[in-house]
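Observations on the three-dimensional arrangement
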Amino acid sequence: MRLYVYLTIISAVLVTGCSTAPEQPQDADSAFQLQVDSFLNAYNKRFQELKIPSAEAQWKLNTYIVEGDTVTSQIAQEAEEAMVAFTGSAGNIEMAQRFLKRKEELSPVQLRQLNSILYAAAGSPQIIADLVKEKIKAENAQTTTLYGFDFTIDKVSVSANHIDEILEKSVDLNERLKAWEASKEVGVSLKEGLVNLQRLRNETVKALDYSDYFQYQVSDYGMTSDEMIKACRGLIKDIWPLYRELHTWARYELARKYNEEVPDMLPAHWLPNRWGQEWSAMISSEGVDLDAALSEKSAEWIMTQGEDFYVSLGYPELPESFYTKSSLYPLPADAAYKKNNHASAWHIDNAADVRSLMSIVPNTRWWGTTLHELGHIYYYMMYSNDSVPIILRGGANRAYHEAMGTLIGLASMQPPFLKQYGLISDSVEVDNIQQMLKEALDYVVLLPWGAGVMTEFEHDLYANSLPDSQFNSRWWELKYNLQGIVPPNERDERYCDAASKTHINNDAAQYYDYALSNVLLFQFHDHIARNILGQDPHNTNYYGSKETGAFLKNLMKDGANCDWREHLQQHLGAEMSAKAMVNYFNPLMDWLKKENENRTCSLPEVPQF
């Protein structure tokens, strides 16, 4: 999955329904209302003034990494310290808490903003300023280590893209093993920093009465840690029968591919992804050879066609500054600096300055990734309106933001859409089961990883203060139980394979966002296909559908100025549920059962948590 960047407040604990105007209770004390509005207006203004230099500094920290450069990280640290000195100030905490004591007199939008202020304060409360300063420094140092790391294979420097290419395409198990091992060496360098961040993150949020950092992050959904863990485990249970069949199919398929005996569990280096989080590169749909078609295009073509798709739905063109300020393509081989190669979308000023950090090359993965990141960009643009206060310019919840991007990623791979762009011939008959299989190896496979391994590990890391002597053993225990994946060699506690995943370091305790987003996106997609386009959900073409665009823009325009549960009811008439995803893959489930009829399933019938 791909990271989009919240550099400041993430949406607050949301407590009331969607509302775009601060309607006052009729019996509200007018002097009190004026006092609240005055405080919120001043807060939003100052927040915006500090947000921009902080975001700019973080942008440079991620796009211009020079070995030995301490100035850039120092500037980023100072800008972030200025931001958190404000958001976490004792005065802002005291004022927000005082106003919230009279919450029955507050309008919905006032209530949301005050909760947002306290949520932001808890991340960096200035009542423990020295600890906050230490945390910021540690996080910036971890980012520098992570993205400045020199990956090597046989002592030759290689890019992350090159490692990914080997794991996606090579049939040489020795070459694959070297690439996989190279991808994990960064974890050794990051372990000490992660131990430090575990302590600093927990101690920081305890100042505002959160028990631990995991609970703090989960509270953004208006949920407790136990409720989130229960929800994530429920999702895994819902899709487990399908995942079990996919796992069995993959074991036999990959054993045949590598001419090896069928293993009980999947060796990590057999899979086409460094973390085993998505397996779709294992297959290509019959009649669909996107890599071949896209190899004839340029990286710039992928970017401009991505924009063209959104414009066809009725969205505006991207601002010119998007192209002049973004970092969209790989650096030249002789570049004197490095950059973060993980795709992300950035909202620099909570207004028109939107950017993306990518390394687009003309292949299937970057086709989907580009459209995904643009989903975030257009979400930023839609909720940057006068009805949404600055500090509520975020997703209805964090999973909503991912769902918007991933929804378009799904749509961008469906045959009618690909035919629209001439990437497959109009005469091609696509094997729908193979297409569904490819999708399941992405969207379904992610759930045991995202709702399972990542979420359970970070819960243990923060809520249970997992000792560093158990980091790697717990990581691989979870991967065994919830993914059916084993390491290709012994991985003792010198390694920290969890830390090789960027989110563990700089997007901590939020990975369930991706799992929840996959559930939401299938609900959104099912609604669009059936109720707007009147098309089979497996064969849709959103292109040019202004009605689809209007539906999506309505989902986006409120930002975090709504309660996400009520927002779902308002737009879909439903609660969050995996039903749409399970129904979508029912034909595939029938096919897999026939394929696996004489095969041994090595995963248990129910997941082991």
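About the thresholds
- Residues numbered from 1 in each chain as written.
- Predicted model: local features only at pLDDT ≥ 70, side-chain atom pairs only at ≥ 80, totals over all residues.
- Heavy atoms only, no water.
- Phe/Tyr/Trp six-rings, centres within 6.5 Å; stacked < 30°, edge-to-face > 60°.
- Buried < 20%, exposed > 50% of the residue type's maximum accessible area, 1.4 Å probe, protein only.
- Helix = DSSP H or I, 4+ residues; strand = E, 2+ residues; numbered from the N terminus.
- Salt bridge = Lys/Arg side-chain N within 4 Å of Asp/Glu carboxyl O.
- Contact = heavy atoms within 4.5 Å.
- Arc of directions from axis to C-beta.
- Pairing = 2+ DSSP bridges.
- pLDDT = per-residue confidence, 0-100.
- Core = buried A, V, L, I, M, F, W, Y, C linked by side-chain atoms within 4.5 Å.

**Let's talk about the packing of aromatic side chains**
Taken as a whole and judged by the stated rule, the model has 43 aromatic pairs. Each ring, one from Phe149 and one from Phe151, has its centre 5.2 Å from the other, and the planes form 75°; the classification is edge-to-face. Classification of Phe151 as buried rests on a relative accessible area of 12%. On the numbers, 5.3 Å between centres and 70° between planes, the contact of Tyr258 with Trp270 is edge-to-face. You can see Tyr258 sitting in helix 9 (residues 225-258) and its partner Trp270 sitting in the loop between strand 3 (266-267) and helix 10 (290-295), a full twelve residues away along the chain. No difference in accessibility class separates Tyr258 from Trp270, as the two residues are buried. Three or more aromatic residues joined by ring pairs form one cluster here, namely Trp301, Phe309, Tyr310, Tyr315, Trp367, Tyr378, Phe417, Tyr421 and Tyr543.

**Here's the deal with the pattern of salt bridges**
Scanning all chains against the criterion turns up 27 salt bridges. Across the pair Lys45 and Glu49 runs a salt bridge whose closest N-O atoms are separated by 2.8 Å. Of this pair, Lys45 and Glu49 both sit in helix 1 (residues 30-63), four residues apart, which is roughly one turn of that helix. Residue Asp526 pairs with Arg530 through a salt bridge whose shortest N-O separation is 2.6 Å. Of this pair, Asp526 and Arg530 both sit in helix 19 (residues 512-533), four residues apart, which is roughly one turn of that helix. Within this structure, Glu56, Lys325, Asp353 and Arg355 form a network of salt bridges that share partners.

**Quick look at the environment of Met223**
Relative to the assigned elements, Met223 resides in the loop between helix 8 (213-218) and helix 9. Take Met223: its relative accessible area is 17%, and that puts it in the buried class. In this structure, Met223 is in contact with Val218, Met228, Ala231 and Arg565, ignoring residues within four places of it in sequence.

**Regarding helix 3 (residues 90-100)**
Note: α-helices contain 3.6 residues per turn, so residues at a spacing of three or four share the same orientation. Within helix 3, the full set of buried residues consists of Asn92, Ile93, Ala96, Phe99 and Leu100. Seen end-on, helix 3 carries its buried residues on one side only, within an arc spanning 140°. Those residues of helix 3 hidden inside the fold are in contact with helix 1, helix 2 (71-87) and helix 4 (108-123).

**Some remarks on the side chain of His247**
For His247, the position within the fold is in helix 9. Classification of His247 by relative accessible area gives buried; the value is 0%. Dropping the residues within four chain positions of it, His247 is found in contact with Asp264, Met265, Leu266, Trp279, Gln483, Gly484, Ser602 and Leu603.

**A closer look at the pairing of strand 5 (residues 354-357)**
Neither face of strand 5 is left uncovered, since the one carrying Val354 and Ser356 and the one carrying Arg355 and Leu357 both have all their residues buried. Connecting strand 4 (residues 344-347) to the antiparallel partner strand 5 that follows it, the hairpin turn spans six residues, and Asn350 within it adopts a positive phi of roughly 60°.

**Quick word on the environment of Thr248**
Relative to the helices and strands, Thr248 resides in helix 9. The class for Thr248 is buried, based on a relative accessible area of 1%. Residues Thr248 and Arg599, spaced 351 residues apart in sequence, show a C-alpha to C-alpha distance of 7.5 Å. Setting aside residues up to four positions removed in sequence, Thr248 forms contacts with Asn596, Arg599, Thr600 and Cys601.

**Looking at the pairing of strand 4**
The alternating pattern of strand 4 places Ser344 and Trp346 and Ala345 and His347 on opposite faces, both of which are buried. One ladder, built from four bridges, connects strand 4 with strand 5; its direction is antiparallel. Considered in strand 5, the bridge of Trp346 is made with Arg355.

**A word on the confidence of the model for the chain**
Low pLDDT means the predicted coordinates in that region are not meant to be read closely. On average, the chain scores 93 in pLDDT, and the residues at 70 or more come to 95%. Long-range and interchain partners of residues 1-28, a stretch whose pLDDT sits below 50, account for 126 contacts in this model, where long-range means more than four residues apart.

**Things to note about the nonpolar core**
Counting residues in hydrophobic clusters, the biggest one holds 183 residues, and the most contacted among them are Leu114, Trp279, Trp367, Phe524 and Phe585. Tallying contributions element by element places helix 16 (residues 432-463) first for this core, with 16 residues. With sequence-adjacent residues up to four places away left out, Phe524 is seen in contact with Tyr400, Ala403, Met404, Leu407, Phe551, Leu555, Leu568 and Leu572. By size, the runner-up hydrophobic cluster in this structure holds five residues, among which are Ala55, Trp59, Ile348 and Leu357.

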